[in-house]
Amino acid sequence: MTTRLLLTPDVARVVRHDGLAESLKTLARYIADDYVRWSQFDKSARVANHSDDGVIELMPISDASLYSFKYVNGHPKNHRVGLPTVMAFGVLADVATGTPTLLSELTLSTALRTAATSALAAQQLARPGPRKMALIGNGAQSEFQALAFHHLLGIDEIRLFDVDPAATDKLVRHLSRVEGLTLIRCRDTAEAVRGADIVTTVTADKRNATILTPEMVEPGMHINGVGGDCPGKTELHRGVLEQASVFVEYEPQSRIEGDLQQMPADFEVTELWRVLRGEASGRRSADEVTVFDSVGFALEDFATLRWLSDRAKALGLGRELALVPDMADPKDLFGELGLPAAPQGQSAQTAALAA
């Protein structure tokens with residue numbers, strides 16, 4: 001019995017083999033497939049341990065066949081010591097036996113699934129045929145968001161702003177040669193969002209911020225709020241939510257961690273799965289303002305691990321680990337220590353005396 005191990009280079013090889021556009025489209029399809037069978041999942045809000053510097057979380061979920069969890073952190077100051085803001089790994093296991101079948105990196109994969117989920121939601125909530133997007137926050141997640149909206153929705157102009165010009169330099173360096181995509185640097189958030197069909201906020205600071213304020217919002221905008229993902233961390237002024245139709249992944253979690261944490265308990269929201277199943281409306285008019293208050297949910301990681309497992313098997317990627325002992329007698333765990341056995345017929349006490 002072995003567990004397949006996937007490291008970051010393995011995930012990168014999947015993306016290079018399939019192409020980034022196809023990888024994002026396929027991953028979005030896996031996520032959508034799992035959202036539409038929402039009732040089949042045993043769901044809970046993630047378990048979080050907060051500190052002054054960041055948060056460490058566990059995100060579990062299961063259906064009747066598979067169980068998954070993700071370990072993930074969020075430490076906005078990590079770049080100062082040469083570490084990523086987000087680091088993650090995950091496990092996919094067989095429900096019937098509890099056997100872990102896949103152990104995978106999820107740092108790179110989380111960026112892919114977050115972007116795929118954003119684009120999936122926007123397909124339901126944005127005006128048809130969007131062309132312009134503002135991207136506020138140009139850090140580690142930004143390229144993934146930009147390319148997901150370019151490839152899955154046809155966005156061809158992205159207006160960029162970050163308080164750190166070096167972050168925007170990085171993004172432009174990576175994406176300046178993407179065919180059919182125009183990048184425009186802006187002086188501030190207000191300039192970036194002016195005339196945008198979609199506004200994506202993906203900032204990292206762990207604080208109650210107001211990146212987007214009501215006077216910046218124009219009729220028909222779709223707002224993709226990604227950065228407000230833990231208690232005490234927001235990006236949208238509450239007035240933005242008050243004038244919009246708000247959609248979330250899992251309401252119990254979003255009320256604690258999303259921009260929704262600013263709102264009263266009876267503030268109306270719609271879970272995304274209901275839109276994907278056709279049980280609730282997405283956008284209802286061209287002038288309606290919509291908000292996807294995205295905090296990330298375990299179901300998306302479950303779908304991502306399924307996708308990685310399928311692609312790794314098809315491409316022969318990863319390596320097999322003896323993570324769980326393979327015992328001739330499943331009841332003899334002590335034997336795995338390999339200690340010398342007492343001579344036959346001697347008790348433990350007499351064997352010790354003989355020694």
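Note: the structure precedes this text.
Residues numbered from 1 in each chain as written. Predicted model: local features only at pLDDT ≥ 70, side-chain atom pairs only at ≥ 80, totals over all residues. Heavy atoms only, no water.

**Some words on the overall build of the chain**
And step 1. When you go through the chain residue by residue, the secondary structure sums to 11 helices and 17 strands.
And step 2. In terms of overall dimensions, the chain has C-alpha extents of about 85 × 45 × 40 Å along its principal axes.
And step 3. The buried share among the 355 residues of the chain stands at 52%.
And step 4. If you take every contact in the chain between residues at least 6 apart in sequence, the share linking residues at least 24 apart comes to 71%.
And step 5. When the accessible surface of the chain is split by element, carbon and sulfur atoms take 53% of a total near 16,500 Å².
And step 6. For the chain, the centre of its 36 positive side-chain charges and the centre of its 47 negative side-chain charges are spaced 4 Å apart. (Helix = DSSP H or I, 4+ residues; strand = E, 2+ residues; numbered from the N terminus. Buried < 20%, exposed > 50% of the residue type's maximum accessible area, 1.4 Å probe, protein only. Contact = heavy atoms within 4.5 Å. Areas by Shrake-Rupley, 256 points an atom, 1.4 Å probe, with all protein chains shown as cover. Lys, Arg positive; Asp, Glu negative; His and termini not counted. Charge placed at Lys NZ, Arg CZ, Asp CG, Glu CD.)

**Observations regarding the pattern of salt bridges**
And step 1. In this structure the tally under the stated criterion is 20 salt bridges.
And step 2. Across the salt bridge formed by Asp34 and Arg37, the nearest N and O atoms sit 3.0 Å from each other. There is no split in this pair, since Asp34 and Arg37 are both buried.
And step 3. Arg187 is the salt-bridge partner of Glu191, the closest N and O atoms lying 2.9 Å from each other.
And step 4. Given the relative accessible area of 72%, Arg187 is considered exposed.
And step 5. Residues participating in the shared-partner salt-bridge network are Asp34, Arg37, Asp63 and Arg306. (Salt bridge = Lys/Arg side-chain N within 4 Å of Asp/Glu carboxyl O.)

**Brief notes about helix H1 (residues 8-18)**
And step 1. All of the buried residues in H1 are Asp10, Val11, Val14 and Val15. One face of H1 carries all of its buried residues, which in axial projection span an arc of 140°. In H1, the exposed positions angled more than 90 degrees off the buried face are occupied by Pro9, Arg16 and His17.
And step 2. Looking at the buried positions of H1, the neighbouring elements they touch are strand E1 (3-6), helix H2 (20-35), strand E6 (100-105), helix H3 (107-125) and helix H10 (298-315). (Arc of directions from axis to C-beta.)

**Quick notes on the sheet that holds strand E4 (residues 66-74)**
And step 1. Read from one edge of the open sheet, 7 strands run E2-E3-E4-E5-E6-E1-E17, paired in mixed fashion. Where the open sheet ends on each side, the last strands, each with one partner, are strand E2 (47-50) and strand E17 (319-321). On average, adjacent strands in this sheet sit at an angle of 15° to one another, irrespective of strand direction.
And step 2. Summarising the sheet, E4 and strand E5 (residues 88-94) pair through 7 bridges and their orientation is antiparallel. (Pairing = 2+ DSSP bridges. Axes fitted to C-alpha atoms, helices over the stretch in contact; angles between N-to-C directions.)

**Side note on the nonpolar core**
And step 1. Core analysis: the biggest nonpolar cluster contains 66 residues, and Tyr35, Ile158 and Ile198 have the highest contact counts within it.
And step 2. Aside from chain neighbours lying at most four places away, what touches Tyr35 is Glu249, Leu272, Trp273, Leu276, Phe297, Leu299 and Glu300.
And step 3. With 27 residues, the next largest nonpolar core counts Cys186, Val193, Val217 and Leu236 among its residues. (Core = buried A, V, L, I, M, F, W, Y, C linked by side-chain atoms within 4.5 Å.)

**Side note on the packing of H3 against H10**
And step 1. Contact geometry for H3 and H10: axes closest at 10 Å, N-to-C directions at 115°. Classified by chirality, the crossing of H10 by H3 is right-handed. Together, Ser109, Thr110, Leu112, Arg113 and Thr117 of H3 and Glu300, Asp301, Thr304, Trp307 and Leu308 of H10 make up the contact between the two elements.
And step 2. For the contact of H3 with H10, the per-class residue count stands at 3 nonpolar, 4 polar and 3 charged. (Left-handed = near helix turned anticlockwise from the far one by under 90°. Nonpolar A, V, L, I, M, F, W, Y, C, P; charged D, E, K, R; others polar.)

**As for the side chain of Asp301**
And step 1. Relative to the helices and strands, Asp301 resides in helix H10.
And step 2. Not counting chain neighbours up to four residues away, the residues in contact with Asp301 comprise Met59, Lys70, Thr110 and Arg113.

**Some words on a nonpolar patch on the surface**
And step 1. Taken together, the side chains of Val81, Leu83 and Met87 define a hydrophobic patch exposed on the protein surface, amounting to about 260 Å² of accessible area.
And step 2. Counting through the fold element by element, Val81 comes out in the loop between E4 and E5.
And step 3. Exposure remark for Val81: the relative accessible area of 61% places this residue in the exposed category. (Patch = residues over 30% accessible without salt bridge, like charges linked within 9 Å, V, L, I, M, F, W, Y side chains within 5 Å.)

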